[in-house]
Amino acid sequence: MSRERRQGSALPGTGLAHSEIPLLKKVRQLITDWQSKWGAELTWPKKFHEQLKLAQGRGWLASEAFFSQCEAHIKDGRQLLWLLRSVTHKGFRGIGYKVVDLYKQVFDLLTSLLTELHFFKVKLDEYAPISPLS
């Protein structure tokens, strides 16, 4: 999960102002840097549980910090979705097959981004509900 935070009007972890729309290559790198380093998607539930157990073993504050990191990861991922949308909104220029390739790249990035965002959102809702169960 991305831990880098920046102040001001920059998009977290990117060094970009809200008005800047980077090239697809830059967005791809930002997404790669943002993604968890937990390996294949099938291993994510196990990795999440392992990290949660480690945090719980260190106490309540460590558990809260873990969930805060998950929330920040989701927030940063949503910012990346905005960037990816912005890149496609301005469109691509070039020869037909190159434009098609760029949109295929966007689709692949969108798929991986949404998959990880969904995973973390579901886990956060499952383990740290907004209203505690009584």
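Analysis parameters
- Residues numbered from 1 in each chain as written.
- Predicted model: local features only at pLDDT ≥ 70, side-chain atom pairs only at ≥ 80, totals over all residues.
- Heavy atoms only, no water.
- Helix = DSSP H or I, 4+ residues; strand = E, 2+ residues; numbered from the N terminus.
- Buried < 20%, exposed > 50% of the residue type's maximum accessible area, 1.4 Å probe, protein only.
- Contact = heavy atoms within 4.5 Å.
- Areas by Shrake-Rupley, 256 points an atom, 1.4 Å probe, with all protein chains shown as cover.
- Axes fitted to C-alpha atoms, helices over the stretch in contact; angles between N-to-C directions.
- Parallel < 35°, antiparallel > 145°, perpendicular 65-115°, else oblique.
- Left-handed = near helix turned anticlockwise from the far one by under 90°.
- Arc of directions from axis to C-beta.
- Phe/Tyr/Trp six-rings, centres within 6.5 Å; stacked < 30°, edge-to-face > 60°.
- Salt bridge = Lys/Arg side-chain N within 4 Å of Asp/Glu carboxyl O.
- Core = buried A, V, L, I, M, F, W, Y, C linked by side-chain atoms within 4.5 Å.
- pLDDT = per-residue confidence, 0-100.

Asks: Requested: an account of the overall build of the chain, with residues and values cited.
Replies: Tallying secondary structure elements over the chain gives 4 helices and 2 strands in all. Listed by position from the N terminus, the elements making up the chain come as β-β-α-α-α-α. Scored against the burial criterion, the 134 residues of the chain give a buried share of 33%. Residue pairs in contact within the chain that sit at least 24 positions apart in sequence constitute 70% of those at least 6 positions apart. For the chain, the accessible area works out to roughly 8,900 Å², and carbon and sulfur atoms hold 57% of it.

Asks: Which residues make up the packing of helix H2 (residues 44-57) against helix H4 (residues 96-127), and what are the values?
Replies: As a packed pair, H2 and H4 sit with axes 12 Å apart at the nearest point and diverge in direction by 45°. The orientation of H2 relative to H4 falls into the category oblique. When you trace H2 past H4, the crossing you get is right-handed. Residue-level inspection shows Trp44, Pro45, Phe48, His49 and Leu52 of H2 in contact with H4, the latter providing Thr115, Glu116, Phe119, Phe120, Lys123 and Tyr127.

Asks: Describe helix H1 (residues 24-34), and please don't skip the residues or the numbers.
Replies: Restricting attention to buried positions, one finds in H1 the residues Leu24, Val27, Leu30, Ile31 and Trp34. Projected down its long axis, H1 carries its buried residues within an arc of 120°, all on one side.

Asks: If you had to explain the packing of aromatic side chains to someone new, which residues and values would you point to?
Replies: In the structure shown here, the tally under the stated rule is 9 aromatic pairs. Centroid distance Phe119 to Phe120: 5.3 Å. Interplanar angle 90°. Geometry classified as edge-to-face. Overall, the relative accessible area of 12% leaves Phe119 in the buried class. Judged by relative accessible area, which is 1%, Phe120 ranks as buried. By way of ring pairs, the aromatic residues Trp38, Trp44, Phe48, Phe66, Phe67, Phe119, Phe120 and Tyr127 are connected into one cluster.

Asks: Lay out the pattern of salt bridges in plain terms, naming residues and giving numbers.
Replies: Pairs can form between side chains of opposite charge once their charged atoms are near each other. Throughout the structure, instances matching the rule amount to 2 salt bridges. Note that Lys121 and Asp125 form a salt bridge whose closest N and O atoms lie 3.0 Å from each other. Of this pair, Lys121 and Asp125 both sit in helix H4, 4 residues apart, which is roughly one turn of that helix. In this structure Lys121 comes out as partly exposed when scored by relative accessible area, which is 33%. The closest approach of N and O atoms between Glu126 and Lys123, which form a salt bridge, is 3.6 Å. With Glu126 and Lys123 both in helix H4, this residue pair falls 3 residues apart, about one helical turn. Residue classification places Lys123 among the buried residues on the basis of a relative accessible area of 14%.

Asks: I'd like a description of the nonpolar core, backed by residues and values.
Replies: One finds Leu24, Ile31, Phe48, Phe66, Leu80, Leu84 and Phe120 to be the most contacted residues of the largest nonpolar core, which totals 28 residues. Of all the elements in the fold, those that place two or more residues in this core are H1, H2, helix H3 (60-89) and H4. Among the elements that make up this core, the one with the highest residue count is H3 (9 residues). Leu80 has contacts with Leu30, Ile31, Trp34 and Leu113, leaving out every residue within four places of it along the chain.

Asks: Can you break down the confidence of the model for the chain residue by residue, with the values?
Replies: Averaged over every residue, the pLDDT of the chain is 83; the share at 70 or more is 80%. The secondary-structure element of the chain with the lowest mean pLDDT is strand S1 (residues 10-11), recorded at 50, while H2 shows the highest, at 96. Within the model, the stretch residues 2-10 combines pLDDT values under 50 with 20 contacts to residues more than four positions away or in other chains.

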